[in-house]
Amino acid sequence: MPPVTVVLALTVVTILLTISPSIAWRPWPHLKTNGSDYLYENSKKFEGSSELVHLKYHMGPVLTANITVHTIWYGRWQKSQKKIIREFINSISAVNSKRPSVSGWWKTVQLYTDQTGANISRTVRLGEEKNDRFYSHGKKLTRLSVQSVIKSHVTAKSKPLPINPKSGLYLLLTSDDVYVQDFCGQVCGFHYFTFPSIVGYTLPYAWIGNSAKLCPGVCAYPFAVPNYIPGLKPLKSPNGDVGVDGMISVIAHEVAELATNPLVNAWYAGPDPVAPVEIADLCEGIYGTGGGGSYTGQLMDGHDGATYNMNGIRRRFLVQWVWNHILSYCTGPNALDQ
């Protein structure tokens, strides 16, 4: 389906699937910034605009208790790759990181509240981990089999992951030789909640894939660029791993949306909860001031030539901004990094 320009209102594409998790996508480099919103194929392309966005609270729960992230490493992962991802998650609550910081970025997420006025928790910490290095469900997963993988690790006979529906998030991270349904063609990651009929519990979860071998020009942009864009050079990734550095922004996208919309009935824009437009969707492709469409916005270059926009505990990361419902536009770490 060709691109459709939406001028008067936000529109959502309803994805006709067995389940329809909220999806995270990457900016398409060939889309031009012209002040309009885009729908491209089945992905959501929204440039932040206070005139067009109608983000609403739909009375569902948000994660106000301290958030614990439980991780499933599916496939073969290097120790260095795990270390990058762990440090990003730990950086969300770090208090002494150099500004602009990951924790400053999270402060925009903290602005969101539930019915009682309680804010999303400041604390995000690493929980338990499980390794699935032998591909227990194969190297090709469907959206439903993703939930089956989670079930196998929360019900494992040996050291199962804790069951924590109120403040636990479950990340299924797949290695670069694993294909998940719609990966690269429609999604780079998605979040939803598990079905009791499959897992036995309702648990907020997200899947994010390493695109290094399958589609780095799509899911690791701007550290890799699509072949159909001649002359466009990729930026140098801040941690020396294009696939994992690309995953970081998708992980951030999904964790922010899980915190604000864990059961897909809290904070989102659009009329259809089947395909909600959430706080990170509204800022897709925006990583700095002036960002939108093909332009990432103003970024920083390190002494080693690597590109990033915020600091973690000991590392640097490139993370997209999120929607600030109070200011009605996308904000990054500088807005609240005090």
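A few points on the structure. (Residues numbered from 1 in each chain as written. Predicted model: local features only at pLDDT ≥ 70, side-chain atom pairs only at ≥ 80, totals over all residues. Heavy atoms only, no water.)

### Considerations on the packing of aromatic side chains
Within this structure, the stated rule accounts for twelve aromatic pairs. Centroid distance Tyr192 to Phe193: 4.6 Å. Interplanar angle 10°. Geometry classified as stacked. Residues Tyr192 and Phe193 agree in their burial class; the two are buried. Taken together, the ring pairs in this structure connect Phe183, Phe190, Tyr205 and Trp207 into an aromatic cluster. A cation over a ring is seen here: Lys139 above Tyr135, with NZ or CZ 4.8 Å from the ring centre. The residue whose ring lies beneath Arg316 is Tyr308, and the NZ or CZ to ring-centre distance is 5.1 Å. (Phe/Tyr/Trp six-rings, centres within 6.5 Å; stacked < 30°, edge-to-face > 60°. Buried < 20%, exposed > 50% of the residue type's maximum accessible area, 1.4 Å probe, protein only. Lys NZ or Arg CZ within 6 Å of the ring centre and 35° of its normal.)

### Looking at the layout of surface pockets
Any empty space left between the atoms is revealed when a probe the size of a water molecule rolls over them. By volume, the largest pocket is sized at about 180 Å³. Together, 17 residues line the largest pocket, and Gly288, Thr289, Gln298, Trp321 and Asn334 are the ones closest to its centre. Examining the composition of the lining of the largest pocket, we find that three residues originate from one element, strand E19 (residues 329–331), more than from any other. By volume, the second largest pocket is sized at about 150 Å³. Along the walls of the second largest pocket sit 13 residues, with Ala94, Val95, Ser103, Lys107 and Asp337 positioned nearest its centre. A per-class count over the lining of the second largest pocket returns three nonpolar, six polar and four charged. (1 Å grid on protein atoms, 1.4 Å probe; cavity = no way out; pocket = protein on both sides within 12 Å on 5 of 7 lines; lining within 4 Å. Points joined across faces, edges and corners; volume = space filled by probe spheres on them. Helix = DSSP H or I, 4+ residues; strand = E, 2+ residues; numbered from the N terminus. Nonpolar A, V, L, I, M, F, W, Y, C, P; charged D, E, K, R; others polar.)

### Regarding the state of the cysteines
Per the counting criterion, the structure on display carries three disulfides. Covalent S-S linkage joins Cys188 and Cys219, the inter-sulfur distance amounting to 2.0 Å. What sets the handedness of the Cys188 and Cys219 disulfide is the S-S torsion sign, and at about -85° it is left-handed. Separated by 31 residues along the polypeptide, Cys188 in the loop between strand E10 (179–180) and strand E11 (189–193) and Cys219 in helix H4 (residues 216–219) bring together distant segments of the chain. Grouping residues by exposure puts Cys188 and Cys219 together as buried. Through a disulfide, Cys283 is tied to Cys330; the S-S separation comes to 2.1 Å. One quick way to see it: the torsion about the S-S bond of Cys283 and Cys330 is about -100°, and its sign makes the bridge left-handed. Of the two residues, Cys283 is situated in the loop between strand E13 (267–269) and strand E14 (300–301) and Cys330 in strand E19; the sequence distance between them amounts to 47 residues. Side by side, Cys283 and Cys330 carry an identical accessibility label, which is buried. (Disulfide = S-S within 2.5 Å.)

### A look at the pairing of E11
For E11, the tally of buried residues reaches five of five residues, placing the bulk of the element in the interior. Burial along E11 is two-sided: the face carrying Gly189, His191 and Phe193 and the face carrying Phe190 and Tyr192 are both buried. As defined by bridge partners, E11 adjoins strand E12 (residues 204–209) across five bridges and the pair is classed as antiparallel. What sits directly across from His191, in E12, is Ala206. (Pairing = 2+ DSSP bridges.)

These figures capture arrangement, not role.
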